[in-house]
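Read off the chains here:
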Amino acid sequence: MSDISEFKPLLNQSVGYGVVVGVGFFFAALMLVLTFLQAKFSKFSPSSSEEFSSASRSVKPGLVCCGIVSAWTWSATLLQSSTAAYTFGISGPWWYGVGGTIQLAFFAMIAAKIKMNANGAHTFLEIVKVRFGTAAHLLFTFYAFLCILVVCGSLLLGGAATVTALTGMNIIAACFLLPIGIAVYVVFGGLRATFVCDWAHTIILFIVIYIFLARTYATSSETGGISSMYELLKQASVDTPVPGNQDGSYLTMKSNQGMVFGAATILSGFSGVFCDQGYWQRAIASAPRSTTKAYMLGGLSWFAVPWAFASCLGMAARALVHNPKFPTFPNPLSDAQTSAGLAAPAAAAVLMGKGGAVAILLVVFMAVTSAASAELIAVSSLFLYRTYFRPKATGAEIVRVSHYFICFWAVWMGAWATILHKASIDLGWLFYVQGVVLSPAVVPIGLTVTWSKLTRAGVFSGCITGAILGMLAWMIGCWKIYGVINIANLAKPYSAVCSGLTGLLFSGTLTVLVSLAKPANYDFKGTREILVYDSVTIDRKASTESVDDSNVGAEANFTSENEKKVGEKTSIKEVAVPDNASTTHDDQAVDLETLQRIFRKATLYSIALTLVVAIIVPIPMFFSHYVFSRAFYTFWTACTIIWVGMSGLFCIVLPLWESRREIGVIGRGLLMLLLRRNIMNGDVDKRPSIHSESSNA
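Residues numbered from 1 in each chain as written. Predicted model: local features only at pLDDT ≥ 70, side-chain atom pairs only at ≥ 80, totals over all residues. Heavy atoms only, no water.

This brings us to the pattern of salt bridges. One pass over the full model with this rule turns up two salt bridges. The partner of Glu 231 in a salt bridge is Arg 630, with the nearest N and O atoms 2.1 Å apart. Of the two residues, Glu 231 is situated in helix α9 (residues 225-239) and Arg 630 in helix α27 (residues 630-658); the sequence distance between them amounts to 399 residues. For Arg 630, a relative accessible area of 37% puts it in the partly exposed group. (Salt bridge = Lys/Arg side-chain N within 4 Å of Asp/Glu carboxyl O. Helix = DSSP H or I, 4+ residues; strand = E, 2+ residues; numbered from the N terminus. Buried < 20%, exposed > 50% of the residue type's maximum accessible area, 1.4 Å probe, protein only.)

So this is what it looks like as structure tokens:
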């Protein structure tokens, strides 16, 4: 009997094409409707470059929190975390959650500093160019595009592999078709509309998670509830013990491989957050007073997604390997199938049959589309058109060029994913290598907006030397640990940790030491004088549909005042907001003292959260070699359910509550428009009857 069985598709190819094309264009149509309503009934027009790229810097914390959860929920979040649970046991989902949450916590500090020191910026590259000049700007541009390439590859390879496994759809077709519908709604809607679609995606994500939780722990005869699930996992520990785990058990935090996976995930997570323009863009888009709050809520809410999802489906996949309904029965998943992220689809197929396959297909599609939309908006803002080609480009011209570049990148994403697939590179490979190639840039990028003593020499010595040493550690570590350097071994956890940790630590140390040797004393005046693109002379034509002349004049006056004074005053205005009456934030100046206080709170929150999730909870259980009892496993499972329930509340209900006034305004405007049209139609209907009566007379 062969040791490898084919993963049998549960759905027809037509279902795969229907979801990829049909659902994608459904959201594109939804985006068109939302864009029309926004332009018709609100002060914000997507034709404005500020609105398109930064949502006029007025997004409220609930929607930013939802956007962070949606953008950080990649296909890897669902698939790779489940793979970790299937491979290492209960520690895998926890360490995956840690690896993505503490970065968001620390980025809350960065977000506060962005509002304090560069509130007019559109990208972190803009801040770098103002502070350090063209050479540093080009260096970080390389890292920014490298990050987006890695992220886009991860998204499409993970999503396409799942679609192909469940439906038999051609994987190359999936790679090219997945970005197309996403590009359509990003082009028409801009950043604010992607936030709204993120909210819709997040609703579907949490509903599917709740369904799988209920099915796995309560209603499925295959798992038989929490107690029976515990017994199945105990038996799995006997049948297929985990090397390096206490007693070979899947029910312990004492997992050597799980600990190394956690280190690799943390390194990958820092790289994926700090080097990704998408996270900077969300910080820029949020209102100054609520930026840090949004990232705090986002980090806490996102943690529950991989922890609950993978603890449910990843562990269920391991427990149900010997179930006749398992897609590769009588064999477990092969190494290639596991690395492709098929543990969660396999469990879903056993638990819910075709319904489970559809649910996984839908939720992975939502993860790909929401994260890919964030990357498309981010890459459009990174395009160097205004920086090097047309410094005097108008806001309308910037929006038009952004549209072209989004369309180009959507096609290139498909081509890039196809190249990676043909090179036998999959989701697992990119997940581990992300920290390898990007970690040398993490500390210099973070310090650019936070540390006044940072120097250009420190930036270059840290990035370049860290990258060289990281590459050497990668090759040497792979050779010494695994005996041979090849594609598969380079993406194994120990190789990835050797390189990522070396790059991060040496880069950070050199950046700080070289800067301290001859420190700068930067006052951030230059970065605070970065201006918004739009003005009355730039976007008057684009704004006339939604903003009257008096409002345009007010915006122009505000922008010109900001140009003169933003570097001199000790307050930061929420720039590029054309109407001061729409929210409670828009007419308030946020002084530097308030932002400093927000930064201190973010620092304390970041340290506290890191201590709890990375040390206080897992480390004692690791060193005590504790194996979960049935009662403790039940408690652990209850915690995942409660946490993901609260996360859904934050992400679904809070945005609605915060935007209730705006929703009311749009609703009333739409109702009035419909009533007006009905009245006009009624008048038209009456006119023929008059003519008819006169003719009869």
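From this point, the narrative continues.
Looking at the secondary structure, you find Val 163 in helix α7 (residues 134-167). Accessibility expressed as a relative area gives 4% for Val 163, which makes it buried. Taking the C-alpha atoms as reference, Val 163 lies 9.4 Å from Leu 362; in sequence the two are 199 residues apart. Discounting residues that sit within four places of it in the chain, Val 163 has contacts with Gly 16, Val 20, Gly 168, Met 169 and Leu 361. (Contact = heavy atoms within 4.5 Å.)

A few words on the packing of aromatic side chains. Counted according to the given criterion, the structure contains 39 aromatic pairs. Ring geometry for Phe 632 and Trp 636: centres 6.2 Å apart, planes at 35 degrees, overall tilted. Placement of both Phe 632 and Trp 636 in helix α27 is noted, with a separation of four residues, approximately one turn of the helix. By relative accessible area, Phe 632 is classed as partly exposed at 23%. Arg 318 extends its terminal NZ or CZ atom over the ring of Tyr 86, reaching a point 4.0 Å from the ring centre. (Phe/Tyr/Trp six-rings, centres within 6.5 Å; stacked < 30°, edge-to-face > 60°. Lys NZ or Arg CZ within 6 Å of the ring centre and 35° of its normal.)

Bringing the environment of Cys 66 into the picture now. Mapping Cys 66 onto the fold places it in helix α3 (residues 61-72). Under the relative-accessibility criterion, Cys 66 is labelled buried at 0%. For the pair Cys 66 and Thr 202, spaced 136 residues apart in sequence, the C-alpha to C-alpha distance is 7.1 Å. Apart from residues no more than four positions distant in its own chain, Cys 66 is found in contact with Asp 198, Trp 199, Thr 202, Cys 651 and Pro 655.

A surface patch of nonpolar side chains, about 660 Å² in accessible area, is lined by Ile 464, Ile 468, Leu 472, Met 475, Ile 476, Trp 479 and Ile 485. Looking at where Met 475 falls in the secondary structure, it is placed in helix α19 (residues 456-482). Taking relative accessible area as the criterion, Met 475 reaches 34% and is therefore assigned partly exposed. (Patch = residues over 30% accessible without salt bridge, like charges linked within 9 Å, V, L, I, M, F, W, Y side chains within 5 Å. Areas by Shrake-Rupley, 256 points an atom, 1.4 Å probe, with all protein chains shown as cover.)

With that settled, the discussion passes to the packing of helix α12 (residues 291-319) against helix α25 (residues 592-616). It is the contact of α12 with α25, at a shortest axis distance of 10 Å, that shows an interaxial angle of 15 degrees. In terms of their interaxial angle, α12 and α25 are classed as roughly parallel. The element α12 and its partner α25 pack so that their crossing is left-handed. Where α12 abuts α25, its residues Thr 292, Tyr 295, Met 296 and Leu 300 lie against Ile 598, Lys 601, Ala 602, Tyr 605 and Leu 609. For the contact of α12 with α25, a count of residues per class yields seven nonpolar, one polar and one charged. (Axes fitted to C-alpha atoms, helices over the stretch in contact; angles between N-to-C directions. Parallel < 35°, antiparallel > 145°, perpendicular 65-115°, else oblique. Left-handed = near helix turned anticlockwise from the far one by under 90°. Nonpolar A, V, L, I, M, F, W, Y, C, P; charged D, E, K, R; others polar.)

Within helix α6 (residues 124-132), seven of the nine residues are buried, which leaves the element mostly enclosed by the surrounding structure. Where the residues of α6 are buried, they touch α7, α11 (277-285), α14 (343-382), α18 (442-448), α19 and α22 (525-528).

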